[in-house]
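Take a look at the letters that make up each chain.
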Amino acid sequence: MSTIPKIVILGAGYGGVLTAQRLQKELNYNEADVTLVNRHDYHYFTTHLHMPAAGTDSIENTRVPISKLIDEFKIDLVKSNVQEIRIADKKVVLQDGTLSYDYLIIALGGEPESFGIPGLGEYAMPIRSINSVRLIRQHIEYQFALYKTDESRTDRLNFVVGGAGFSGIEFVAELADRVPELCKAYDVDPNLVNVYNVEAAPTALPGFDPELVEYAMDVLRKKGVQFKIGVAIKECTPDGVILATGEEIKAATVVWTGGIRGNRLIEAAGFETARGRVKIDEYLRAPEHDNVFIIGDNSLMFNPEGRPYPPTAQIAMQQGVTCAQNVVASIRGKELKKFVFSNKGTVASLGKGEAVASAFGKTYKGWVAAQLKKIVDMRYLFIIGGIPLVLKKGRFF
(Lines give C-alpha, C1' and ligand atoms only; values in the text may rest on other atoms or scores of the structure.)
Protein backbone atom coordinates (compact mmCIF):
# COMPACT_ATOMS: atom_id res chain seq x y z
CA MET A 1 0.00 0.00 0.00
CA SER A 2 1.35 3.39 -1.02
CA THR A 3 2.43 5.75 1.78
CA ILE A 4 3.00 8.65 -0.58
CA PRO A 5 0.90 11.62 0.63
CA LYS A 6 -2.00 12.62 -1.60
CA ILE A 7 -2.48 16.30 -2.39
CA VAL A 8 -5.78 17.42 -3.90
CA ILE A 9 -6.24 20.92 -5.34
CA LEU A 10 -9.82 22.01 -5.94
CA GLY A 11 -10.08 24.67 -8.66
CA ALA A 12 -7.77 25.85 -11.44
CA GLY A 13 -8.23 29.59 -11.11
CA TYR A 14 -5.39 32.00 -10.33
CA GLY A 15 -4.63 30.45 -6.94
CA GLY A 16 -5.11 26.82 -7.98
CA VAL A 17 -2.91 27.04 -11.08
CA LEU A 18 -0.08 28.81 -9.24
CA THR A 19 -0.25 26.22 -6.44
CA ALA A 20 -0.10 23.35 -8.93
CA GLN A 21 2.79 24.86 -10.87
CA ARG A 22 4.84 25.55 -7.75
CA LEU A 23 4.17 22.05 -6.35
CA GLN A 24 5.39 20.38 -9.53
CA LYS A 25 8.51 22.52 -9.32
CA GLU A 26 9.31 21.92 -5.65
CA LEU A 27 8.27 18.30 -5.08
CA ASN A 28 10.77 15.55 -5.70
CA TYR A 29 9.93 12.54 -7.86
CA ASN A 30 7.47 10.24 -6.04
CA GLU A 31 7.35 12.57 -3.01
CA ALA A 32 3.59 13.10 -3.35
CA ASP A 33 0.64 12.38 -5.62
CA VAL A 34 -0.95 15.63 -6.80
CA THR A 35 -4.45 15.85 -8.30
CA LEU A 36 -5.93 19.05 -9.72
CA VAL A 37 -9.72 19.06 -9.99
CA ASN A 38 -11.52 21.57 -12.22
CA ARG A 39 -14.94 21.61 -13.82
CA HIS A 40 -13.43 22.65 -17.18
CA ASP A 41 -10.28 21.52 -18.95
CA TYR A 42 -9.23 25.16 -19.38
CA HIS A 43 -8.06 28.01 -17.15
CA TYR A 44 -9.62 31.39 -17.88
CA PHE A 45 -8.49 34.91 -17.11
CA THR A 46 -11.19 36.33 -14.84
CA THR A 47 -9.72 39.82 -15.09
CA HIS A 48 -10.19 39.73 -18.87
CA LEU A 49 -13.82 38.53 -18.98
CA HIS A 50 -15.30 42.02 -19.31
CA MET A 51 -14.02 42.26 -22.90
CA PRO A 52 -15.64 39.18 -24.46
CA ALA A 53 -18.75 39.89 -22.34
CA ALA A 54 -19.15 43.22 -24.12
CA GLY A 55 -18.07 41.73 -27.44
CA THR A 56 -14.83 43.67 -27.83
CA ASP A 57 -12.67 40.55 -27.82
CA SER A 58 -12.91 36.84 -28.55
CA ILE A 59 -13.65 34.33 -25.81
CA GLU A 60 -10.76 32.19 -27.07
CA ASN A 61 -8.31 34.92 -26.06
CA THR A 62 -9.55 34.62 -22.48
CA ARG A 63 -8.70 30.98 -21.82
CA VAL A 64 -5.91 28.45 -22.17
CA PRO A 65 -5.97 24.63 -21.84
CA ILE A 66 -4.79 23.53 -18.39
CA SER A 67 -2.72 20.84 -20.09
CA LYS A 68 -0.55 23.67 -21.48
CA LEU A 69 0.12 24.98 -17.96
CA ILE A 70 0.96 21.85 -15.97
CA ASP A 71 3.13 18.77 -16.40
CA GLU A 72 0.60 15.93 -16.58
CA PHE A 73 3.35 13.45 -15.71
CA LYS A 74 3.57 15.17 -12.32
CA ILE A 75 -0.03 16.33 -11.79
CA ASP A 76 -3.18 14.37 -12.50
CA LEU A 77 -5.88 16.63 -14.00
CA VAL A 78 -9.44 15.53 -13.23
CA LYS A 79 -12.24 17.29 -15.07
CA SER A 80 -15.27 17.08 -12.78
CA ASN A 81 -17.64 19.06 -10.57
CA VAL A 82 -17.05 18.99 -6.81
CA GLN A 83 -20.23 17.88 -5.04
CA GLU A 84 -19.12 17.71 -1.41
CA ILE A 85 -16.10 18.19 0.82
CA ARG A 86 -15.97 15.69 3.71
CA ILE A 87 -13.39 17.06 6.11
CA ALA A 88 -13.83 14.35 8.77
CA ASP A 89 -13.29 11.57 6.22
CA LYS A 90 -10.56 13.41 4.25
CA LYS A 91 -12.53 12.87 1.07
CA VAL A 92 -13.87 14.98 -1.79
CA VAL A 93 -16.99 13.75 -3.54
CA LEU A 94 -17.00 14.51 -7.26
CA GLN A 95 -19.77 14.20 -9.82
CA ASP A 96 -18.32 10.91 -10.99
CA GLY A 97 -16.27 9.54 -8.10
CA THR A 98 -14.52 10.20 -4.81
CA LEU A 99 -10.98 11.34 -4.03
CA SER A 100 -9.20 10.83 -0.71
CA TYR A 101 -6.49 13.23 0.40
CA ASP A 102 -3.83 13.88 2.99
CA TYR A 103 -3.54 17.55 2.08
CA LEU A 104 -6.39 19.59 0.58
CA ILE A 105 -6.09 22.96 -1.14
CA ILE A 106 -9.44 24.69 -1.66
CA ALA A 107 -9.29 27.25 -4.46
CA LEU A 108 -12.79 26.89 -5.87
CA GLY A 109 -13.35 30.54 -6.66
CA GLY A 110 -16.21 32.75 -5.57
CA GLU A 111 -19.86 33.14 -6.45
CA PRO A 112 -21.87 36.29 -7.17
CA GLU A 113 -23.09 37.96 -3.97
CA SER A 114 -26.70 39.10 -4.32
CA PHE A 115 -26.93 40.81 -0.89
CA GLY A 116 -30.49 39.47 -0.70
CA ILE A 117 -31.74 41.71 -3.52
CA PRO A 118 -35.01 40.16 -4.76
CA GLY A 119 -34.96 38.97 -8.37
CA LEU A 120 -31.23 39.37 -8.86
CA GLY A 121 -30.58 35.65 -9.27
CA GLU A 122 -33.46 35.25 -11.71
CA TYR A 123 -33.16 38.34 -13.89
CA ALA A 124 -29.56 39.58 -13.75
CA MET A 125 -26.55 38.07 -15.51
CA PRO A 126 -23.21 37.80 -13.68
CA ILE A 127 -19.75 38.08 -15.26
CA ARG A 128 -18.17 35.02 -13.67
CA SER A 129 -17.21 32.41 -16.26
CA ILE A 130 -16.70 31.73 -19.94
CA ASN A 131 -20.26 30.45 -20.21
CA SER A 132 -21.80 33.46 -18.45
CA VAL A 133 -19.79 35.79 -20.68
CA ARG A 134 -20.95 34.00 -23.81
CA LEU A 135 -24.55 34.43 -22.69
CA ILE A 136 -24.16 38.15 -21.97
CA ARG A 137 -22.55 38.85 -25.34
CA GLN A 138 -25.23 37.00 -27.30
CA HIS A 139 -27.99 38.55 -25.20
CA ILE A 140 -26.77 42.10 -25.89
CA GLU A 141 -26.59 41.53 -29.64
CA TYR A 142 -30.01 39.87 -29.58
CA GLN A 143 -31.56 42.96 -27.96
CA PHE A 144 -30.44 45.13 -30.88
CA ALA A 145 -31.89 42.62 -33.33
CA LEU A 146 -35.19 42.39 -31.40
CA TYR A 147 -35.48 46.17 -31.22
CA LYS A 148 -35.44 46.34 -35.03
CA THR A 149 -38.49 44.04 -35.11
CA ASP A 150 -40.42 46.25 -32.66
CA GLU A 151 -39.09 49.78 -32.27
CA SER A 152 -41.65 50.61 -29.58
CA ARG A 153 -39.55 48.50 -27.17
CA THR A 154 -36.87 51.10 -26.47
CA ASP A 155 -36.13 49.31 -23.18
CA ARG A 156 -34.24 46.76 -25.26
CA LEU A 157 -31.62 49.46 -25.81
CA ASN A 158 -31.25 50.16 -22.07
CA PHE A 159 -28.42 48.38 -20.27
CA VAL A 160 -28.06 48.40 -16.48
CA VAL A 161 -24.80 47.33 -14.85
CA GLY A 162 -25.00 46.81 -11.10
CA GLY A 163 -21.76 47.59 -9.30
CA ALA A 164 -19.04 50.16 -10.04
CA GLY A 165 -16.04 48.30 -8.70
CA PHE A 166 -13.33 46.91 -11.00
CA SER A 167 -15.56 44.51 -12.93
CA GLY A 168 -18.43 46.94 -13.32
CA ILE A 169 -16.31 49.87 -14.48
CA GLU A 170 -14.27 47.76 -16.88
CA PHE A 171 -17.40 46.18 -18.36
CA VAL A 172 -19.31 49.45 -18.89
CA ALA A 173 -16.18 50.87 -20.53
CA GLU A 174 -16.04 48.01 -23.03
CA LEU A 175 -19.81 48.12 -23.57
CA ALA A 176 -19.65 51.85 -24.25
CA ASP A 177 -16.92 51.17 -26.82
CA ARG A 178 -19.04 48.45 -28.43
CA VAL A 179 -22.31 50.40 -28.67
CA PRO A 180 -21.33 52.46 -31.77
CA GLU A 181 -20.39 49.25 -33.63
CA LEU A 182 -23.69 47.59 -32.71
CA CYS A 183 -25.66 50.69 -33.68
CA LYS A 184 -23.96 50.72 -37.08
CA ALA A 185 -24.46 46.97 -37.60
CA TYR A 186 -28.16 47.08 -36.70
CA ASP A 187 -29.02 50.57 -38.04
CA VAL A 188 -29.91 51.92 -34.62
CA ASP A 189 -29.73 55.59 -33.59
CA PRO A 190 -26.97 55.77 -30.90
CA ASN A 191 -28.98 58.41 -29.04
CA LEU A 192 -31.55 55.75 -28.19
CA VAL A 193 -29.03 53.58 -26.31
CA ASN A 194 -28.59 54.09 -22.55
CA VAL A 195 -25.89 52.48 -20.41
CA TYR A 196 -26.48 52.88 -16.66
CA ASN A 197 -23.94 52.06 -13.96
CA VAL A 198 -25.55 51.75 -10.51
CA GLU A 199 -23.49 51.60 -7.31
CA ALA A 200 -24.74 51.49 -3.72
CA ALA A 201 -21.43 52.72 -2.25
CA PRO A 202 -20.71 56.46 -2.12
CA THR A 203 -18.03 56.19 -4.80
CA ALA A 204 -17.10 54.20 -7.87
CA LEU A 205 -13.83 52.20 -7.79
CA PRO A 206 -13.60 52.07 -3.97
CA GLY A 207 -10.03 52.19 -2.74
CA PHE A 208 -8.79 54.26 -5.68
CA ASP A 209 -7.46 57.78 -5.36
CA PRO A 210 -10.46 60.19 -5.64
CA GLU A 211 -8.74 62.07 -8.47
CA LEU A 212 -8.45 58.83 -10.49
CA VAL A 213 -12.09 57.95 -9.75
CA GLU A 214 -13.23 61.33 -11.05
CA TYR A 215 -11.05 60.94 -14.14
CA ALA A 216 -12.47 57.46 -14.80
CA MET A 217 -16.06 58.64 -14.44
CA ASP A 218 -15.41 61.62 -16.69
CA VAL A 219 -13.94 59.37 -19.41
CA LEU A 220 -16.91 57.03 -19.22
CA ARG A 221 -19.49 59.84 -19.14
CA LYS A 222 -18.02 61.11 -22.40
CA LYS A 223 -18.55 57.60 -23.80
CA GLY A 224 -22.21 57.81 -22.81
CA VAL A 225 -22.29 56.01 -19.46
CA GLN A 226 -24.85 57.36 -16.97
CA PHE A 227 -23.82 56.92 -13.33
CA LYS A 228 -26.08 56.46 -10.32
CA ILE A 229 -23.65 56.43 -7.39
CA GLY A 230 -24.74 56.03 -3.78
CA VAL A 231 -28.00 54.43 -4.92
CA ALA A 232 -28.74 50.78 -4.24
CA ILE A 233 -30.72 48.43 -6.45
CA LYS A 234 -33.77 47.54 -4.37
CA GLU A 235 -35.19 44.91 -6.70
CA CYS A 236 -34.48 43.30 -10.06
CA THR A 237 -37.55 42.49 -12.15
CA PRO A 238 -38.27 41.03 -15.61
CA ASP A 239 -38.65 44.65 -16.77
CA GLY A 240 -35.44 46.10 -15.30
CA VAL A 241 -34.50 47.40 -11.84
CA ILE A 242 -36.12 49.38 -9.06
CA LEU A 243 -33.74 51.62 -7.15
CA ALA A 244 -33.83 52.44 -3.44
CA THR A 245 -35.05 55.92 -4.40
CA GLY A 246 -38.14 54.35 -5.96
CA GLU A 247 -36.97 55.12 -9.51
CA GLU A 248 -37.51 52.33 -12.01
CA ILE A 249 -35.18 51.82 -14.94
CA LYS A 250 -36.80 49.82 -17.70
CA ALA A 251 -34.17 47.57 -19.25
CA ALA A 252 -34.10 44.22 -21.01
CA THR A 253 -30.50 43.71 -19.87
CA VAL A 254 -29.19 43.76 -16.30
CA VAL A 255 -25.59 42.68 -15.69
CA TRP A 256 -24.50 42.17 -12.07
CA THR A 257 -20.92 42.81 -10.94
CA GLY A 258 -21.79 44.00 -7.43
CA GLY A 259 -19.86 41.57 -5.28
CA ILE A 260 -18.30 38.17 -4.70
CA ARG A 261 -18.84 35.71 -1.88
CA GLY A 262 -17.06 32.45 -1.14
CA ASN A 263 -18.16 29.06 -2.35
CA ARG A 264 -21.23 27.42 -0.77
CA LEU A 265 -19.47 24.05 -0.77
CA ILE A 266 -17.19 25.42 1.95
CA GLU A 267 -20.13 26.39 4.15
CA ALA A 268 -21.66 22.96 3.59
CA ALA A 269 -18.36 21.32 4.64
CA GLY A 270 -18.82 22.73 8.12
CA PHE A 271 -16.23 25.52 8.20
CA GLU A 272 -17.10 28.71 10.02
CA THR A 273 -17.51 31.30 7.29
CA ALA A 274 -18.29 34.94 6.66
CA ARG A 275 -20.13 35.29 3.33
CA GLY A 276 -18.73 31.92 2.33
CA ARG A 277 -15.13 32.83 3.15
CA VAL A 278 -13.01 31.15 5.84
CA LYS A 279 -10.76 33.15 8.14
CA ILE A 280 -7.47 31.36 7.64
CA ASP A 281 -4.28 31.51 9.70
CA GLU A 282 -1.04 33.18 8.66
CA TYR A 283 0.06 29.98 6.92
CA LEU A 284 -3.17 29.86 4.82
CA ARG A 285 -4.63 26.95 6.80
CA ALA A 286 -8.23 26.45 7.88
CA PRO A 287 -8.90 26.67 11.63
CA GLU A 288 -8.25 23.35 13.42
CA HIS A 289 -7.29 21.64 10.15
CA ASP A 290 -3.53 21.79 9.57
CA ASN A 291 -3.87 19.73 6.38
CA VAL A 292 -6.47 21.99 4.73
CA PHE A 293 -5.34 25.17 2.96
CA ILE A 294 -7.82 27.72 1.63
CA ILE A 295 -6.83 30.44 -0.86
CA GLY A 296 -8.28 32.99 -3.24
CA ASP A 297 -11.94 34.04 -3.10
CA ASN A 298 -12.62 31.36 -0.47
CA SER A 299 -10.16 32.80 2.06
CA LEU A 300 -10.47 35.69 4.48
CA MET A 301 -7.31 37.47 5.60
CA PHE A 302 -6.86 40.87 7.22
CA ASN A 303 -4.31 43.57 6.44
CA PRO A 304 -2.24 45.28 9.19
CA GLU A 305 -5.02 47.90 9.55
CA GLY A 306 -7.52 45.15 10.37
CA ARG A 307 -9.46 45.33 7.11
CA PRO A 308 -10.01 42.24 4.94
CA TYR A 309 -7.94 41.98 1.80
CA PRO A 310 -10.16 42.21 -1.29
CA PRO A 311 -10.38 38.92 -3.23
CA THR A 312 -8.21 39.83 -6.22
CA ALA A 313 -6.24 37.80 -8.74
CA GLN A 314 -3.05 39.34 -7.36
CA ILE A 315 -3.52 38.03 -3.82
CA ALA A 316 -4.74 34.62 -5.07
CA MET A 317 -1.56 34.20 -7.12
CA GLN A 318 0.70 35.08 -4.21
CA GLN A 319 -1.28 32.80 -1.90
CA GLY A 320 -0.88 29.98 -4.43
CA VAL A 321 2.92 30.20 -4.29
CA THR A 322 3.05 30.33 -0.48
CA CYS A 323 0.45 27.56 -0.20
CA ALA A 324 2.54 25.19 -2.32
CA GLN A 325 5.67 25.99 -0.28
CA ASN A 326 3.80 25.28 2.96
CA VAL A 327 2.35 21.98 1.74
CA VAL A 328 5.84 20.84 0.77
CA ALA A 329 7.18 22.04 4.13
CA SER A 330 4.40 20.11 5.92
CA ILE A 331 5.29 16.91 4.06
CA ARG A 332 8.97 17.32 4.92
CA GLY A 333 8.34 18.34 8.53
CA LYS A 334 9.92 21.74 7.96
CA GLU A 335 8.92 25.17 9.24
CA LEU A 336 6.02 26.82 7.40
CA LYS A 337 6.21 30.26 5.82
CA LYS A 338 3.92 33.08 6.88
CA PHE A 339 1.96 34.67 4.06
CA VAL A 340 2.75 38.33 3.51
CA PHE A 341 0.86 40.13 0.77
CA SER A 342 2.96 42.33 -1.50
CA ASN A 343 0.74 44.85 -3.24
CA LYS A 344 2.03 45.37 -6.78
CA GLY A 345 -0.53 48.08 -7.48
CA THR A 346 -3.96 48.24 -9.05
CA VAL A 347 -5.06 49.05 -12.59
CA ALA A 348 -8.58 49.50 -13.98
CA SER A 349 -9.18 49.56 -17.74
CA LEU A 350 -11.49 52.24 -19.14
CA GLY A 351 -11.74 50.81 -22.63
CA LYS A 352 -9.69 51.53 -25.72
CA GLY A 353 -6.45 53.33 -24.81
CA GLU A 354 -7.68 54.46 -21.38
CA ALA A 355 -7.11 53.29 -17.80
CA VAL A 356 -6.36 54.46 -14.27
CA ALA A 357 -3.63 52.95 -12.13
CA SER A 358 -1.97 53.15 -8.75
CA ALA A 359 1.49 51.57 -8.65
CA PHE A 360 5.02 52.20 -7.40
CA GLY A 361 3.65 54.82 -5.00
CA LYS A 362 2.30 56.93 -7.85
CA THR A 363 -0.95 57.38 -9.77
CA TYR A 364 -1.33 57.12 -13.53
CA LYS A 365 -4.15 57.76 -15.96
CA GLY A 366 -4.90 57.69 -19.66
CA TRP A 367 -2.56 56.04 -22.17
CA VAL A 368 0.26 55.43 -19.65
CA ALA A 369 -2.09 53.59 -17.31
CA ALA A 370 -3.42 51.56 -20.25
CA GLN A 371 0.14 50.41 -21.02
CA LEU A 372 0.60 49.44 -17.36
CA LYS A 373 -2.55 47.33 -17.64
CA LYS A 374 -1.02 45.48 -20.60
CA ILE A 375 2.21 44.94 -18.69
CA VAL A 376 0.31 43.50 -15.71
CA ASP A 377 -1.65 41.13 -17.95
CA MET A 378 1.42 39.99 -19.88
CA ARG A 379 3.34 39.47 -16.64
CA TYR A 380 0.68 36.98 -15.56
CA LEU A 381 0.83 35.20 -18.92
CA PHE A 382 4.60 34.94 -18.52
CA ILE A 383 4.33 33.61 -14.94
CA ILE A 384 1.97 30.76 -15.86
CA GLY A 385 3.05 30.01 -19.43
CA GLY A 386 6.37 31.67 -20.19
CA ILE A 387 7.25 33.46 -23.41
CA PRO A 388 5.18 31.08 -25.64
CA LEU A 389 1.94 32.08 -23.89
CA VAL A 390 2.87 35.78 -23.97
CA LEU A 391 3.46 35.54 -27.72
CA LYS A 392 0.20 33.66 -28.26
CA LYS A 393 -2.16 35.70 -26.07
CA GLY A 394 -0.30 38.90 -25.19
CA ARG A 395 -1.33 40.89 -28.25
CA PHE A 396 -5.01 40.52 -27.32
CA PHE A 397 -4.62 42.03 -23.85
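Residues numbered from 1 in each chain as written. Predicted model: local features only at pLDDT ≥ 70, side-chain atom pairs only at ≥ 80, totals over all residues. Heavy atoms only, no water.

(A) Representation of the sheet that holds strand 24 (residues 299–300). Strand order in the open sheet formed by three strands is 20-21-24, and the pairing between neighbours is mixed. Only two strands of the sheet have a single neighbouring strand rather than two, namely strand 20 (273–274) and strand 24. Pairing between strand 21 (residues 277–279) and strand 24: two bridges, direction parallel. If you follow K279 over to strand 24, its bridge partner there is L300. (Pairing = 2+ DSSP bridges. Helix = DSSP H or I, 4+ residues; strand = E, 2+ residues; numbered from the N terminus.)

(B) Quick peek at the packing of aromatic side chains. Under the definition given, this model contains seven aromatic pairs. Aromatic side chains F144 and Y186 sit 6.0 Å apart centroid to centroid with 35° between the ring planes, which places their arrangement in the tilted category. One end of the pair, F144, is in helix 4 (residues 130–149); the other, Y186, is in helix 5 (residues 166–186), and 42 residues separate them in sequence. Residue classification places Y186 among the partly exposed positions, given a relative accessible area of 26%. (Phe/Tyr/Trp six-rings, centres within 6.5 Å; stacked < 30°, edge-to-face > 60°. Buried < 20%, exposed > 50% of the residue type's maximum accessible area, 1.4 Å probe, protein only.)

(C) Focus on empty space enclosed by the protein. One pass over the structure, following the stated rule, counts one cavity of 30 Å³ or more. Lining of the largest cavity is provided by R277, G296, S299, M301, Y309, P310, P311, I315 and Q319. Per-class residue counts for the lining of the largest cavity are five nonpolar, three polar and one charged. (1 Å grid on protein atoms, 1.4 Å probe; cavity = no way out; pocket = protein on both sides within 12 Å on 5 of 7 lines; lining within 4 Å. Points joined across faces, edges and corners; volume = space filled by probe spheres on them. Nonpolar A, V, L, I, M, F, W, Y, C, P; charged D, E, K, R; others polar.)

(D) Summary view of the domain arrangement of the protein chain. Segmentation of the protein chain into domains returns domain 1 (6–112 + 260–343) and domain 2 (120–256). The C-alpha centroid of domain 2 is placed 32 Å from the C-alpha centroid of domain 1. Contact with domain 1, which involves 22 residues of that partner, is made by 17 residues of domain 2. A salt bridge links D297 to R128, with the nearest nitrogen and oxygen atoms 3.5 Å apart. Here the side of domain 1 that touches domain 2 takes five residues from helix 2 (residues 50–54), the largest share from any one element. Taken together, the residues that form the side of domain 1 that touches domain 2 break down as 10 nonpolar, nine polar and three charged. (Domains from an automatic or database assignment. Contact = heavy atoms within 4.5 Å. Salt bridge = Lys/Arg side-chain N within 4 Å of Asp/Glu carboxyl O.)

(E) Here's a closer look at the UniProt feature "domain: FAD/NAD(P)-binding" (unreviewed entry) in the protein chain. Per the UniProt record, the feature "domain: FAD/NAD(P)-binding" (unreviewed entry) sits at residues 6–320. Here residues 6–320 runs as 28% helix and 29% strand, with 18 Å between its end C-alpha atoms. (UniProt positions renumbered as here; feature names shortened; annotations may be inferred.)

(F) Just the packing of helix 1 (residues 14–26) against helix 9 (residues 367–393), in detail. Contact pair helix 1 / helix 9: the axes reach a minimum separation of 11 Å and the direction vectors enclose 40°. One way to sum up the angle between helix 1 and helix 9 is to call them oblique. Across from Y14, V17, L18 and Q21 in helix 1, the residues of helix 9 making contact are Y380, I383 and I384. A breakdown of the residues in the contact of helix 1 with helix 9 according to their chemical character gives six nonpolar, one polar and no charged. (Axes fitted to C-alpha atoms, helices over the stretch in contact; angles between N-to-C directions. Parallel < 35°, antiparallel > 145°, perpendicular 65-115°, else oblique.)

(G) Local environment of helix 5. Over its 21 residues, helix 5 extends 30 Å from the first C-alpha to the last, a length consistent with the 30 Å expected when each residue adds 1.5 Å. Of all the bends found along helix 5, the most pronounced is centred on R178 and spans about 30°, while P180, a proline, follows it within four residues. (Expected span 1.5 Å × (residues − 1). Bend = angle between axes of the 7 residues up to and from the residue.)

(H) Spotlight on the environment of I4. By the element assignment, I4 lies in the segment before strand 1 (6–10). The class of I4 is partly exposed, set by a relative accessible area of 21%. As a C-alpha pair, I4 and T273 span 269 residues in sequence and 32 Å in three-dimensional space. Excluding anything up to four places from it in sequence, I4 contacts N30, E31, A32, D33 and D102.

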